[in-house]
Amino acid sequence: MRVHYDLSQLPEFRHAVVTIGSFDGLHTGHLRILEQVQQLAAAAGGESVVITFDPHPRTVIGTKTSSFHLLTTTPEKIELFQNVGVDHLVIVPFTPEFAHLSAAQYVESFLLAKFNPHTIVIGYDHKFGNDRQGDLQFLAQYAARRPFHLVEIPAQEVDDITVSSSKIRRAIEATDMTTAQRLLGHAFVLTGEVVLGNQIGRTIGFPTANIHINDPYKLIPPPGIYAAYCQIPGHEQPLPGMLYIGDRPSIEGAQGQRIEVNILGFEGDLYGQQMQVEVVDFIRGDKKLDGLDALKAQIAADQNAIEQRLGLSTAAPDDRDVAVVILNYNTRSQLEHYLPSVVAYSGNARIVVADNGSPDDSIAFVRQQYPQIEVIDLGQNWGFAEGYNRALQQVQAAYYVILNSDVEVTPNWTRPILEAMRQDATIGIAQPKILADRHRTRFEHAGAAGGWMDYLGYPFCRGRIFNYVEEDLGQYDEPQACFWAAGAAYFIRAELYHQLGGFDADYFAHNEEIDLCWRVKRAGYSVWCYPQSTVYHLGGGTLGYESPRKVFLNFRNSLFTLIKNERVPKLYWLIPARLVLDGVAAAMFFVKGQRAAIKAILQAHFSFYGLFFRYLKKRKEVARLVRQYKLADKKADKTGIYHASIVFAHYLRRVKAFSDLPFIGKK
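Every chain begins its residue count from 1, and numbering advances along the sequence as written. Local features in a predicted model are, by the rule used here, given only for residues with pLDDT of at least 70; side-chain atom pairs are given and counted only at 80 or more, and totals for whole chains, interfaces and linings are based on all residues. Neither water nor hydrogens contribute to the side-chain values; these are computed over all heavy atoms in the structure.

**Observations concerning the sheet that holds strand E8 (residues 209-212)**
Moving on, step 1. If you trace the six strands once around the closed barrel, you get E7-E8-E11-E10-E9-E12, paired in antiparallel fashion. Strand-to-strand twist of the sheet, defined as the mean angle between neighbouring strand axes without regard to direction, takes the value 45°.
Moving on, step 2. Pairing between two strands is assigned when DSSP locates at least 2 bridges connecting them. Every helix listed is a DSSP run of H or I at least four residues long, and every strand listed is a run of E at least two residues long, numbered separately from the N terminus. Bridge count between strand E9 (residues 224-231) and strand E12 (residues 274-285): eight bridges; the pairing is antiparallel. Opposite cysteine 230, over in E12, you have valine 277 as the bridge partner. Axis lines are fitted to C-alpha atoms, over the contacting stretch for helices. Their N-to-C directions set the angle, which ranges from 0 to 180 degrees.

What follows is the structure, encoded as structure tokens:
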């Protein structure tokens, strides 16, 4: 991305697709607009150009109130844009002279003369020019006689962005950093220069870096103690820290608000350097303590709480008996992008990358960049199911975390799940809440907030029914037992994995996690989703959700799973019924013009019938393993079964949200 500050030095843009806005926070709502801009630029064979302003227009014109605060300063905004992938970011100096341009001057001497746009993408309510004279209709008059296209951002999308911004500010002001991060799609950050303080922290064993934030409009969270990560010069990975915001009521004679951070385990001189602090979570409010000894004791307690929150505590034995295992095939770019979070936030867990004979340089990359990660070279592409079987034969641990290579994890992501599994020996498998990496306020297709199964054997999720994916508004934030967990982030007791035969190698990929969950539940164990843990999944990184290969595997393997696990009397009518319903699905693909998907469904059924007797034998072996390793006095766990048809509910009754399904919770 190229950043431009001088309007007189702009390049000649090639088929520029331009959008304009303040982009405060660069949150998930903004990202949807920018994704559209990038798609339009790619279709036009041009460049994506984002125009924003410094300082914010409200600081130059309009009414400034004490409640006006910015989520991001301009330098913070620029750094966030670096990760988005737009071609050009233009920082326009917003001066009184610029503010007084008429609407016509704004369009002619600024937009058209400086950018020569191929397409302009703006909101339905966008106003510009002196006294906000210009609007979408005004710009449309130019588009009618000048060679550029005008794309309107609909009212709903613009309103969603406005609501998101206000929600983020309210969340931060309420110290709800989890909600703020979910809506932002990234951590809320404070950036400033490290300045000299009173150095009182040094005298009690907790030296702090005092951060001066130059922008008076930057939003500062309420006084208190926060868990944080600090990005400092010379360190590639962020360092954990204890962040304090407040006026230091325990220090006699202290005046004015301070922002101080104790960087855990760091020693060095940072004076005069810029530091960025990611505010992860609120620990407690500020309070007056009786003397330095009481302050020292309280800070020690705060450090313990923060280490627990960030997953750094070594007091408990968790993580050391855990192996996070990532199966890789030819996805070096994903490893490069997603491994840093796994390394930073997985505590003391072993991290293993098992490579399925990748033709790229994945193995060399991991060994060179992450020598602490174990590498297993499987030599050839065994597929997801058999690849994990072969890899896990070589990994000794009490708990396996099967993690896709395209998953970004968050601080403390393993702890809620591992604590629950340690406290309850009947929990066999669990998953975190899985959100979409590209749309971070939405659930991800594969797993969402826990998998369910309908009466006819069709899988769906809390947060996703077929292709309808819900926004995460906190509606499924309670832990819940479910029917299956997503293979993208799959916690399982290692002993149970091996006892019940692991994944079915004949599946190659898709549905193998549901099949194993069903076996585990038949043995009396439960499957859970713990939304206190959140990860972000790219999804469809290897195969698109409606690619013919994925359609084939999903339809065929779903039938395999029924044959292996469903009751015999039910199978007599269920398999013919599924044949009819799969035919209906083929008809829907026909309506959408997806002929290859129809062929894939036919191939899935031919493959299923060709292997039918083989799977009858597998059914007997599965039944033997379930009997052998079944929990004493425990019946099969049937939680997570929807005792109705999800096809009927979704396509005929038009139910989209999981919470709106009739009969949920009924037997």
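**Some words on the confidence of the model for the protein chain**
Moving on, step 1. Known as pLDDT, the predictor's per-residue confidence is scaled from 0 to 100. Confidence along the protein chain averages 88 in pLDDT terms, with 95% of residues attaining 70 or more.
Moving on, step 2. Should any heavy atoms of two residues lie within 4.5 Å, those residues are considered in contact. Predicted confidence for residues 541-545 stays below pLDDT 50, and this span has 12 contacts to residues more than four positions away or in other chains.

**A closer look at the side chain of asparagine 404**
Moving on, step 1. Along the polypeptide, asparagine 404 turns up in the loop between strand E16 (399-403) and strand E17 (407-409).
Moving on, step 2. Within polar-contact distance, the side chain of asparagine 404 engages the side chain of histidine 537 at 3.4 Å.
Moving on, step 3. Not counting residues up to four positions away in its chain, the partners in contact with asparagine 404 are Ile326, Phe384, Gly487, Ala488 and His537. Residues adjacent in sequence count toward polar contacts only when both atoms are side-chain atoms; beyond that, a polar contact is any pair of N or O atoms within 3.5 Å, and within protein one must be able to donate a hydrogen and the other to accept it.

**Things to note about the pairing of E16**
Moving on, step 1. Burial status follows relative accessibility: with a 1.4 Å probe on protein chains alone, a residue under 20% of its type maximum counts as buried, one over 50% as exposed, and anything between as partly exposed. Extensive coverage of E16 is indicated by the burial of five of its five residues.
Moving on, step 2. Side chains Tyr399, Val401 and Leu403 of E16 all project onto a buried face; the interleaved residues Tyr400 and Ile402 project onto the opposite face, where all are buried too.
Moving on, step 3. One ladder, built from five bridges, connects strand E13 (residues 322-328) with E16; its direction is parallel. Its bridge partner being in E16, valine 324 is matched across the sheet by valine 401.
Moving on, step 4. Judged from the five bridges that link them, E16 and strand E24 (residues 489-493) form a sheet pairing that is antiparallel. Following the sheet pairing, tyrosine 399 is matched in E24 by arginine 493.

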